[in-house]
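Tertiary structure, described
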Amino acid sequence: MARYVFVVGGVMSGIGKGITTASVGNILKSYGYRVTAIKIDPYINVDAGTMNPVEHGEVFVTDDGLECDQDIGNYERFLDQNMYRLNYMTTGAVYQSVITRERNLFYQGKCVEVVPHIPEEVIARITQAGKKTKSDFVLVEIGGTVGEYQNLLFLEAARMLKLRHPKDVLFIMVSYLPVPGTIGEMKTKPTQHATRSLNSAGIQPDIIVARAPVLLDRPRKQKIAVFCNINEEDVISAPDIQSVYEVPINFARDKISERIFLHFGIRSRAHRNGHWNNFVRRARNAKKEVRIGIVGKYFATGKFTLSDSYISVIEAIKHSAWRQGCCPIIDWLAAESYENSAAALLGLKRYDGIIVPGGFGSRGVEGKIKVIHYARTHHIPYLGICYGMQLAVIEFARSLAGMPGANSTEIDPKTPFPVIGLLEEQETLLKEKKYGGSMRLGSYRCEVRPKTKSMRFYRERNITERHRHRYELNNKFRNQLEQHGLAVAGIHPQKNLVEIIELPDHPFFVGTQFHPEFKSRPFHPHPLFNGLIMAAKTRCLGRAEKKWRRTTSRVTQKKQR
Ligand code: GLN
């Protein structure tokens, strides 16, 4: 039987439960154990697909087509393994299966109740995930923070599982210790309160991961131990760090694996984490700066800027940059600011690479098209992802293929040149308002064409990539676009859909209908991101050389004078 490690949050959200879960998984894997991880989101949405990224962060997509929380992406990156539908559940999904079963007379006339039927369904999902993946450890991250009404039933499920298998369930609470500026001392009280809340759900934490701006000192650890009823050694310090990939190394310093093994009564064994350490070292030593601009519209939330909406894109940039010894400087650029400002467009000159990632709807679209035009005509390396590919096709059609007013029917249903149109099977779905989980989702095959730039980076003909879209390049316009120089570099053979476009006479201009960022991993940076960074590096060197020439010629001119 698998062992279960629940990760819950105390004090506040956004303190790294996902990274903690992923890091614990990473460490356990380094001991040769089979590990899987489950994310539980307490909202009613059946999946994350219908949520605005500004509210909820990126919608991650698995190979089997689930639209889920961005933490699933963290699990994939830290565990270097694919996650599937069984790795994710929400309150909505749990209720939906119980209600469907009730309608099918599964409960044979019994009164179906919130307790125990909902926690039972949660337990069944968790244990089945362990069995199906044949895992030694199942990590379960419960979203939200303890004390919230919303995640009570999930805590109840965890408590019940512990009661059934006392030796096989462990609780980690991720807490936060603030250092208020006016006091200048790290405070443990919020953690004490969070532990009490968890206790009132019938759960005692075994390990407390203490997030804080700095390392915890001994007095703080002792205080938490006494007031939260745990061993001092079970307080794991998790200070703020530059890169999330350093967290497993930090945890190892406080010997988290030994504590976990001790709780489960397992003898520790040899482990190998050299690979990960090398990766982190390479990241630390990457010094050559490349500046990448991401042009999107899901950044602003009130007075704050959110980068979570594009987290996989950001991580994919880092993986490829670090692999090539570069340190990426990533700027979030608001699409709308390019709509009517030539000065803003001129500012794009400073970028070594530009990405227009996925998106929906018409806000900011004309700004993105102007950015693409600039990148194309000024030879700035460009990667267009999904919407970014569709908008690149639109820009090309308007500027080079004699199709003024070309557009996607998503933006302008009456466009004279619908170069991007709705996928056939989507029409009825949209008419019937069946929006949830109904896009072209998950992994599809793509054939990369020989002698293209994309082939140079993929180095294989048959690839699979993950999708999330309703619209596609309209095959009616394909010939006309190709005649004017747009190269089709990848095709989904079964349905003859265009999956990759590129421009042959540009340093790097590639658009993909799929989302390459979802498949980039620390040890396997994505081929197309590698291509973008390679081109960005060249541009950066070129700019440095130009600058050097300018200054040296100024110096010689001065001397001559
Ligand atoms: N809105 C576009 C579509 O549905 C692009 C989607 C995306 O970028 N993920 O096809």
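Parameters at a glance
Residues numbered from 1 in each chain as written. Predicted model: local features only at pLDDT ≥ 70, side-chain atom pairs only at ≥ 80, totals over all residues. Heavy atoms only, no water. Helix = DSSP H or I, 4+ residues; strand = E, 2+ residues; numbered from the N terminus. Polar contact = N/O pair within 3.5 Å; in protein donor to acceptor, adjacent residues only side chain to side chain. Phe/Tyr/Trp six-rings, centres within 6.5 Å; stacked < 30°, edge-to-face > 60°. Buried < 20%, exposed > 50% of the residue type's maximum accessible area, 1.4 Å probe, protein only. Lys NZ or Arg CZ within 6 Å of the ring centre and 35° of its normal. Near = heavy atom within 4 Å. Areas by Shrake-Rupley, 256 points an atom, 1.4 Å probe, with all protein chains shown as cover. Nonpolar A, V, L, I, M, F, W, Y, C, P; charged D, E, K, R; others polar. Pairing = 2+ DSSP bridges. Axes fitted to C-alpha atoms, helices over the stretch in contact; angles between N-to-C directions. Core = buried A, V, L, I, M, F, W, Y, C linked by side-chain atoms within 4.5 Å. Contact = heavy atoms within 4.5 Å.

Here we look at the environment of Arg-449
- Relative to the assigned elements, Arg-449 resides in the loop between strand E18 (440-448) and helix H17 (453-458).
- C-alpha of Arg-449 to C-alpha of Ala-489: the two residues are 40 residues apart in sequence and 5.1 Å apart in space.
- From its side chain, Arg-449 meets the backbone oxygen of Val-488 in a polar contact 3.3 Å long.

A look at the packing of aromatic side chains
- Counting across every chain of the model gives 19 aromatic pairs.
- When the ring of Tyr-33 is compared with that of Phe-261, the centres are 5.8 Å apart and the planes differ by 55°; the resulting orientation is tilted. Residue Tyr-33 is found in the loop between helix H1 (17-30) and strand E2 (35-41), and its partner Phe-261 is found in helix H10 (residues 256-264); the two are separated by 228 residues along the sequence. For the residue pair Tyr-33 and Phe-261, the accessibility class agrees, reading buried in each case.
- By the ring-pair criterion, three or more aromatic residues cluster together here, those being Phe-78, Tyr-245, Trp-276, Phe-279, Trp-322 and Phe-523.
- Geometry around Tyr-444 places Arg-440 over its ring, the cationic atom sitting 4.3 Å from the centre.

Here's the deal with the site of the ligand
- Neighbouring the ligand are Gly-358, Gly-359, Phe-360, Cys-386, Tyr-387, Gln-390, Glu-410, Arg-468, His-469, Arg-470, Tyr-471 and His-515.
- One of the backbone nitrogen or oxygen atoms of Arg-468 is found 2.8 Å away from a nitrogen atom of the ligand.
- A distance of 2.9 Å is found between an oxygen atom of the ligand and a backbone nitrogen or oxygen belonging to Tyr-471.
- Coverage of the ligand by the protein chains reaches 99% of its 300 Å² of free accessible surface.
- For the shell around the ligand, the elements supplying multiple residues, two or more each, are helix H15 (387-400) and strand E19 (462-469).
- Among the residues making up the shell around the ligand, the classes are represented as 4 nonpolar, 5 polar and 3 charged.

Re the sheet that holds strand E6 (residues 137-142)
- Strand order in this open sheet of 7 strands is E5-E2-E6-E1-E7-E8-E9, and the pairing throughout is parallel. Among the strands making up the open sheet, the edge pair consists of strand E5 (88-90) and strand E9 (235-239). Geometrically, the sheet is characterised by an average inter-axis angle of 20° between neighbouring strands, direction not taken into account.
- Bridging between strand E1 (residues 3-9) and strand E7 (residues 169-176) involves 6 bridges; their strand directions are parallel.

Describing the nonpolar core
- Ranked by size, the top nonpolar core spans 51 residues in total, and within it Val-24, Phe-137, Ile-172, Ile-207, Val-209, Phe-251 and Ile-256 carry the most contacts.
- Among the elements that take part in this core, H1 stands out by supplying 5 residues, more than any other.
- For Val-24, the contacting residues outside a window of four places in its chain are Leu-139, Ile-172, Phe-251, Ile-256 and Ile-260.
- Ranked by size, the runner-up nonpolar core spans 42 residues in total, among them Ala-2, Val-146, Leu-155 and Ile-208.

Thoughts on the pairing of strand E21 (residues 487-492)
- Among the 6 residues in E21, 6 count as buried, and that is most of the element.
- Sheet topology places E18 next to E21; 2 bridges connect them, and they run antiparallel. Within the sheet, the bridge partner assigned to Val-448 lies in E21 and is Gly-490.
- The sheet contact formed by E21 and strand E22 (residues 497-502) spans 5 bridges and is antiparallel. Bridge assignment links Gly-490 to a residue of E22, and that residue is Ile-500.

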